[in-house]
Amino acid sequence: MEKKMFCPKCDRTQPVKTIQRQETLPVRDVKISVLSELNVCSVCKEEFATTAQEEENVRKAYDEYRKQKGLLTHSEVRDVRVQYGLSQTAFSRWLGWGDITIHRYESGSLQDAVHNEALLLLRDPRNAEKLLEMNRVNLDEASAERLERAVSARLNTEVVKLIEEDLAAIGVA
């Protein structure tokens, strides 16, 4: 489908065709191959991407990198935080990280392996309970109490699940 767009080589608006092409983008220590969206000027044949297309192409490369390295996606990072009922800032403080760190990860920035491992450990409410004991002083009282309730609820759910599994294993239902 042809549409009109500003061509950076022609320096004017020209008819362009949007195409998809396999590209290799560097992400940290890995070259990642993704299907990128580009535009081709119908006059000079220059290939270019809009800012939105570039951002989407990079997002695809980051997602593939996460997949290859076993990192949580930005939405999985958000899900870990949400299950404990904390704002991004309170969650970062609970973890002992900078105030903006979780915001960056939830917005698509790549977390490092150490931060990813900490987030994975928080899926287990027993680890969250230990971290709350260690870092409660980093939180305001309202956040600490909200977190305490969330951890307690998740622990209770975990205990019920374990009891149900044990009963099922011995044939009691």
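A quick note: this is a predicted structure, and the numbers were derived from the prediction, not measured. (Residues numbered from 1 in each chain as written. Predicted model: local features only at pLDDT ≥ 70, side-chain atom pairs only at ≥ 80, totals over all residues. Heavy atoms only, no water.)

Caption draft 1: Quick peek at unusual backbone geometry. Even without a glycine there, the phi angle at aspartate 11 is positive, about 65°. Mapped onto the secondary structure, aspartate 11 falls in the loop between β1 (2–7) and β2 (12–27). Phi at lysine 45 takes a positive value of approximately 70°, unusual for a residue other than glycine. Within the element layout of this structure, lysine 45 appears in the loop between β3 (30–41) and β4 (47–48). In this structure lysine 45 comes out as exposed when scored by relative accessible area, which is 57%. (Helix = DSSP H or I, 4+ residues; strand = E, 2+ residues; numbered from the N terminus. Buried < 20%, exposed > 50% of the residue type's maximum accessible area, 1.4 Å probe, protein only.)

Caption draft 2: Local environment of a nonpolar patch on the surface. A cluster of nonpolar side chains, contributed by Val159, Ile163, Leu167, Ile170 and Val172, occupies part of the molecular surface with about 440 Å² of accessible area. If you trace the backbone, isoleucine 170 turns up in the segment after α7 (141–169). By relative accessible area, isoleucine 170 is classed as exposed at 64%. (Patch = residues over 30% accessible without salt bridge, like charges linked within 9 Å, V, L, I, M, F, W, Y side chains within 5 Å. Areas by Shrake-Rupley, 256 points an atom, 1.4 Å probe, with all protein chains shown as cover. Salt bridge = Lys/Arg side-chain N within 4 Å of Asp/Glu carboxyl O.)

Caption draft 3: Structural view of the pairing of β2. The pairing of β1 with β2 spans six bridges and is classified as antiparallel. Across the sheet, cysteine 7 pairs through a bridge with arginine 12, a residue of β2. Where β1 hands over to β2, the hairpin turn is made up of four residues, of which aspartate 11 adopts a positive phi near 65°. Bridge analysis of β2 against β3 gives twelve bridges, and the strand direction is antiparallel. Directly across from threonine 18, in β3, lies its bridge partner asparagine 39. Adjacent in sequence and paired antiparallel, β2 and β3 are bridged by two residues, among which arginine 28 carries a positive phi angle near 50°. (Pairing = 2+ DSSP bridges.)

Caption draft 4: Structural detail: helix α2 (residues 74–83). Residues of α2 that are buried include every one of Val77, Val80 and Arg81, and no others. Here the buried residues of α2 occupy an arc of 95° about the axis, which is enough to place them on one side. Note on α2: the residue one or two positions beyond its end, glycine 85, has a positive phi of about 70°. (Arc of directions from axis to C-beta.)

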